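Structural description and commentary
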Amino acid sequence: MTENAYKVEIPLTIPLLEEFTREPITIGDHLRRRRIELGLYQKDVAAKLSVTTPTVWNWENRGSVDLRFIPRVIEFLGYNPIPQPEDLLGKLAWYKQVNGLSLEQLGVEMERDPEQLADWLSGRHKPCRRNRGEIAAFLANRVQSFDAISIY
């Protein structure tokens, strides 16, 4: 008998990690997928984002990222996983979120009272037509990916 007569070939199939078989939902899911794609450990990502390793673990396992770190995470990902809403106030809230701005910081950028912005973004009050126009102009000057912004 030859040596090859006793060889049994068993095909090896390595299942894909769960991170690659399902669509990421949270920012933490996106972060975990990107980290694994790059072959990095959580400590490596933590160093890149200037946070601690437990912080990265929390983001990946609990899904939410502190507002002030969202711009760094988006930069690390290389894309923005936060969908852009269609409505004007939704776009304003989106702009605030993806830029990691507090209401006070957004107020400074827009030259508005943060309390007024909080009322608009929470739905307690609706901006008048003039204010909707100013919000649309503000967003149009800062966000290139906004197509036509309706003020109605």
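Our subject is the structure listed above.
Overview of the structure.

1. Let's talk about the overall build of the chain
Along the chain, the regular secondary structure elements total nine helices and zero strands. Ordered by position in the sequence, the α and β elements of the chain form the string α-α-α-α-α-α-α-α-α. Counted over contacts in the chain with a minimum sequence separation of 6, partners at least 24 positions apart contribute 46%. Total accessible area on the chain stands at roughly 10200 Å², and carbon and sulfur atoms take up 51% of it.

2. Observations regarding the environment of Arg62
Topologically, Arg62 is positioned in helix H4 (residues 53-62). The exposure class of Arg62 is exposed, given its relative accessible area of 61%. Side chain to side chain, Arg62 and Asn58 meet in a polar contact 2.7 Å long.

3. Overview of the side chain of Asn131
Tracing the sequence through the fold places Asn131 in helix H9 (residues 129-142). Within the structure, the side chain of Asn131 is placed 2.7 Å from the side chain of Arg112, a separation counted as a polar contact. Not counting the four nearest positions on each side in its chain, Asn131 is found in contact with Arg112, Gln116 and Trp120.

4. Observations regarding the packing of helix H7 (residues 103-110) against H9
Look at H7 against H9: their axes get within 11 Å of each other, and the N-to-C directions meet at 90 degrees. The angle between the axes of H7 and H9 places the two elements in the roughly perpendicular class. For the pair H7 and H9, contact is made by Leu106, Glu109 and Met110 and by Ile135, Phe138 and Arg142, respectively.

Calculation rules
As a convention, each chain's residues are numbered from 1 in the sequence order in which they are written. Where local features are concerned, this predicted model is filtered to residues with pLDDT of at least 70; where side-chain atom pairs are given and counted, the filter is 80 or more; whole-chain, interface and lining totals use all residues. By convention in this description, side-chain values take in all heavy atoms of the structure and omit both hydrogens and water. Secondary structure counts use DSSP, requiring at least four H or I residues in a row for a helix and at least two E residues in a row for a strand, with both numbered from the N terminus. By definition, residues are in contact when any of their heavy atoms lie within 4.5 Å. Accessible surface is estimated by sampling points in the Shrake-Rupley manner with a 1.4 Å probe; for residues, cover comes only from the protein chains shown. Each residue gets one of three labels from its accessible area relative to the maximum for its type: buried under 20%, exposed over 50%, partly exposed in between, using a 1.4 Å probe on protein chains only. Counted as a polar contact is a pair of N or O atoms within 3.5 Å, where, for protein atoms, one must be capable of donating a hydrogen and the other of accepting one, and residues adjacent in sequence contribute only when both atoms are in side chains. Only the stretch in contact is used when a helix axis is fitted, and all axes are lines through C-alpha atoms; the angle between N-to-C directions ranges over 0 to 180 degrees. Put simply, angles under 35 degrees are roughly parallel, angles over 145 are roughly antiparallel, angles from 65 to 115 are roughly perpendicular, and the rest are oblique.

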